[in-house]
Amino acid sequence: MPKRDLDFEERLYRENDIRRRVRLIIIASAILYFSFLVLDKVYASPYFSRFLIIRLVVLTGHGFLFALLGRAKTNKACANIAKVLALLDVSGIAIMIWFQNSYVQGLYIIIIGLVVAVPLTFRDTILLYVVIWLSYVIPSSLNMEGVGWLNVTYNFYFLTSLILIGALGSYVMDRLRRREFRSRAQLEETTGKLQESNAKLKTLDELKTQFFANVNHELRTPLTLMLAPVKVILEGKMGRISSTLKDTLETMQRNGYKLLKLINNLLDLTKLEAGKMRLKVRTVNFIDSTSSLLSSVKPLADQKQIRLYFQHPPHAIELTLDPDQFEKVTLNLLSNALKFTPKGGKITVYLEEKESTVLMTVEDTGIGIPPNMLETIFDRFSQVDGSMSRPQEGTGIGLSLAREIVSLHQGTIRAESTLGKGSRFMVEVFKGEDHYPEEVLDRRQDEQPVGIKRRVTDVQEPRVQDIVTDFRRLQLVDLERVDIETAAAGTKTHDALILVIDDNPEVLKLMKMLLGDEFDLEMTTSAEKGLGVVKEKSPDLILCDVMMPGMDGHAFSRAVKADEALKHIPIILVTARSGAEMLQQGIQAGADDYISKPFDSVELKARIRALLRIRRVESELAMANRNLKLRTSDLVDQQRSLFLSTVKSLVSAIDAKDEYTRHHSTRVTDFTLKIARKMGFSEKEIGDLELAAILHDVGKIAVPENILNKPGKLTEHEFALIKEHPARGESILRPVIELKDIARVVRSHHEHYDGTGYPDGLKGREIPLGARIMAVADAYDSIVSERPYRKASSHRFAVKEIIRCSGAQFDPEVVEHFLEVSASLAQEQSQGQETAAAEE
Ligand code: ADP
């Protein structure tokens, strides 16, 4: 059974108008109770008088409940009265069942009536059904007289089934009602929220409109106040001005106009959206007015080498419209066509008079518009290419303004286009003036006395009309291009060359004006061209705009910093967008500094100087570092050769000391290198090994001469002294870093392959390979040379001896290679002996 949901109950009763229902049920119940007297007379005549009393009592109860209903304050109280009514009716019938069992049918009426007539909850219905069931079961089981089991059972089954069906019905209805209740509650909640946000939006919208209205005053006034004097100066009313100053002032004026146009468009759009714009209609010859507009854009079209055509019927077309406003529509379509049509293209304007309308079509052979954008381009701020790197300037306001103006004229505007081939914009307006609703027309007279028309302050401030004599120029100002040649680079006169990259020639001009007195400048309008200039001229610093068509400033930075030859050139990115994200992107792209527009010229110069200074110091440091490195390596070389010649003279000193081992080092070196070459040593390894072999006995310098040359057997002490020579050799060589490996080989040249050698008892591959080779070469030379304590042996004997000791004293692999070169050793040995004999 569902939980008691008070909210639900209250709502259930309220929505079903419970009071009225209960009233009707009381009346219906009273009528039925009374009318069944007839039945009593026919079917239960023996009990008629008793039943009459029962019915009268119940009817009195009805009267009482009716009165109570009138006083009930809440819906719940009304529902409770309905429940008492049901109990009252049921108890009357229960008593009658005692006497007349077939009166159970009265209960059937109540069971069905409850579900249909009173919207009770499932829980209440079940409680009442239980009472109804008992009100048959109890009297029938207590008094079966004259009824018979069969009848009672029959009635019982019927009653129970009906109650079950009723309960099921009540359950289903209860669920349905609850579900409906919940969804309605949700709906109400959502509606409430929507209403709330709607109200908020309305307030915001009003604020926005208010804001834009303020913009009129707050932005337009200062701007006109700036532009007015500029105009006066340019007209020469304040004396002659130099051409540079004129150039600068013209740049200021052009950019002021751009801003003014933007503000005007925004204002118009807000006025239109707020429904505040009115039309000052008059009848004009539409061909003449369009033709005059075409003449104003002709110079721009010529500049871009775009052909301009005008096709119209031979007779005049009269149209009633607001010429000033409508001019904005036509100019916007023309300026878009000029903007998005490349050099050499064609723009055609068609005027066509139909029965009740006139159709103007502006067709171009430009870049076209993708099909999915044909509708949305008329939305505010919508642009096909809204990216930072789009090639055309624009804000996405023009077409939405055009649409609003055309709709105010009750006309239509639409676009057709094939991407890459061109676009066609069609404006259709009605002839005559009957189609204008009264509320869009401005019936005021134009020429009102100043005092009435404007506020006093308005008269004092210069108006837009006063400073822009040619209003159309203002509409087309976006399309004016500045000749970059005038901003081209000068000759070399300053210390540093700066490359400036910006797609807007006006900015380049400005940079020239700001920086030209201190730096040599190179200017380009695209990053791609800029890369070429960087490679060719290697500037000292680059100033690069971020948002540019094609390669943007970040990509340019990355390209420069990825090039080893260019990466040292400092880059300052210049951007109109500020913010941490932008800064981070710039730094990631490798830029050295970041400056946002509008920038302060002093700050810009200071940053350039700082970067140039750092760059200069860096390159001086790099140069000093290079020189230092060169000198250091020179010194190291000198030191090394000095050391080597010292050590070599030591070796010759030892050779001289020891008459028996004279030339020993040279020979050992020869043998060692022969074996090493056979073993595939590289040139560098051979070089190192050569040094090691020459120096291998350098430690003997510390062994007294008499021991070295002692003819007889050495004492243990003497032998120990001799055994020290490898370690001593190492310690002589170790201080020279590059000789570390060589020192190790020298230390190990008396180690034995089986670990019985000295000084460290190294084994197998623990012994450096060079030392293993030297051990064989050294042994061979010792055997074949005469020593104070023994005669020289033959080559064959020496070879045999070495083979014998392979695997014990010598590395078998080295021995193998030794055997391969041993034949040539035999030759050398005999030659060596001859030389020695000759010397003696
Ligand atoms: P914008 O100031 O960007 O030119 P508009 O509302 O005048 O704003 O135009 C919206 C966009 O519609 C433009 O940015 C451009 O992508 C597209 N568009 C308008 N006219 C043309 C045209 N003749 N050819 C191609 N694209 C056009």
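Before any of the text, the structure's been laid out above.
Every chain is numbered on its own, with residues counted from 1 as its sequence reads. In view of the model being predicted, local features appear only for residues whose pLDDT reaches at least 70, and side-chain atom pairs are presented and counted only at 80 or more, with totals across whole chains, interfaces and linings using the full set of residues. Side-chain numbers here rest on the full set of heavy atoms in the structure, without hydrogens or water.

A word on the sheet that holds strand β11 (residues 571-575). Read across the sheet, five strands follow the order β9-β8-β10-β11-β12 without closing on themselves; strand pairing throughout is parallel. Sheet topology places β9 (520-524) and β12 (593-596) at the edges, where each strand pairs with a single neighbour. Ignoring strand direction, the axes of neighbouring strands in this sheet form an average angle of 20 degrees. For two strands to be treated as a pair, DSSP must find no fewer than two bridges joining them. By the criteria applied, helices consist of DSSP H or I runs no shorter than four residues and strands consist of E runs no shorter than two, each listed in order from the N terminus. The pairing of β11 with β12 spans four bridges and is parallel. Of the residues in β12, the one forming a bridge with Ile572 is Asp593. The contact criterion used throughout is that any non-hydrogen atoms of two residues lie within 4.5 Å. As a rule, the C-alpha atoms of each element are fitted with a line to give its axis, helices using only the stretch in contact, and angles between N-to-C directions run from 0 to 180 degrees. Docked against the sheet, helix α19 (residues 553-562) engages β8 (497-501), β10 (541-545), β11 and β12, running at close to 175 degrees with respect to β11.

This next bit is on the sheet that holds strand β7 (residues 422-430). Here five strands make up an open sheet; going across it, the order is β2-β4-β5-β7-β6 and the pairing mixed. Edge positions in the sheet fall to β2 (307-311) and β6 (412-418), since each has one partner strand and no second. When strand polarity is set aside, the average angle formed by the axes of neighbouring strands in this sheet is 10 degrees. Here β6 runs beside β7; their pairing, made up of seven bridges, is antiparallel. Residue pairing across strands places Glu416 opposite Arg424, the latter belonging to β7. Where helix α10 (residues 286-303) meets the sheet, it contacts β2, β4 (346-353) and β5 (357-364), and its direction lies at approximately 175 degrees from that of β2. Here helix α11 (residues 323-339) sits on the sheet and contacts β4, β5, β6 and β7; the angle it forms with β5, its principal contact strand, is near 25 degrees.

Turning to the site of the ligand, a few remarks are in order. Only a single heavy atom is needed: when it lies within 4 Å of a molecule or strand, its residue is near that molecule or strand. Taken together, 21 residues are adjacent to the ligand, and Asn336, Lys339, Asp364, Gln383 and Leu399 come closest. Any N or O atom pair separated by 3.5 Å or less is treated as a polar contact, with the protein-specific requirement of one donor-capable and one acceptor-capable atom, and with residues adjacent in sequence counted only for side-chain atom pairs. Residue Asn336 places a side-chain N or O atom 2.8 Å away from an oxygen atom belonging to the ligand. The contact in question runs from an oxygen atom of the ligand to an N or O atom on the backbone of Gly396, over 3.1 Å. The accessible surface values rely on the Shrake-Rupley method and a 1.4 Å probe; as for residues, cover is taken only from the protein chains in view. Within the complex, the protein chains bury 95% of what would otherwise be the 540 Å² of accessible surface of the ligand. Per element, the largest residue contribution to the shell around the ligand is four residues, and it comes from α11.

On to the pairing of β5, then. Exposure classes here rest on a 1.4 Å probe applied to the protein chains alone. A residue is buried below 20% of its type maximum, exposed above 50%, and partly exposed in between. A large share of β5 lies buried, amounting to seven of its eight residues. Relative to β5, β4 runs antiparallel, the two being bridged by seven bridges. Paired with Val349 across the two strands is Val362, which belongs to β5. Judged from the eight bridges that link them, β5 and β7 form a sheet pairing that is antiparallel. Bridge pairing links Val362 to Phe425 in β7.

Using protein atoms alone on a 1 Å grid, points that fit a 1.4 Å probe yet trap it form a cavity, whereas open point sets bounded by protein on both sides within 12 Å along at least five of seven lines form a pocket; residues with an atom within 4 Å of a point count as lining. Grid points are joined across faces, edges and corners, and a volume is the space filled by probe spheres set on the points. Evaluation of the coordinates by the stated rule reveals six cavities of 30 Å³ or more. Each pocket or cavity is described by its volume, and for the largest cavity that value is around 70 Å³. As for the largest cavity, its lining consists of Lys261, Asn265, Lys328, Val329, Leu331, Asn332, Ser335, Gly398, Leu401, Ala402, Ile405 and Gln475. Contributing elements (two or more residues each) for the lining of the largest cavity: α9 (243-273), α11 and α12 (398-408). In terms of residue class, the lining of the largest cavity is built from five nonpolar, five polar and two charged. Approximately 60 Å³ is the volume found for the second largest cavity. Looking at the second largest cavity, the residues that line it are Leu114, Val115, Val118, Leu120, Thr125, Ser170, Met173, Asp174 and Arg177. Elements represented by at least two residues in the lining of the second largest cavity include exactly α6 (104-117) and α8 (149-234). Looking at which element gives the most residues to the lining of the second largest cavity, the answer is α8, with four residues. The residue inventory of the lining of the second largest cavity, partitioned by class, reads five nonpolar, two polar and two charged. Gly is placed with the polar residues, together with every amino acid not listed as nonpolar (Ala, Val, Leu, Ile, Met, Phe, Trp, Tyr, Cys and Pro) or charged (Asp, Glu, Lys and Arg).

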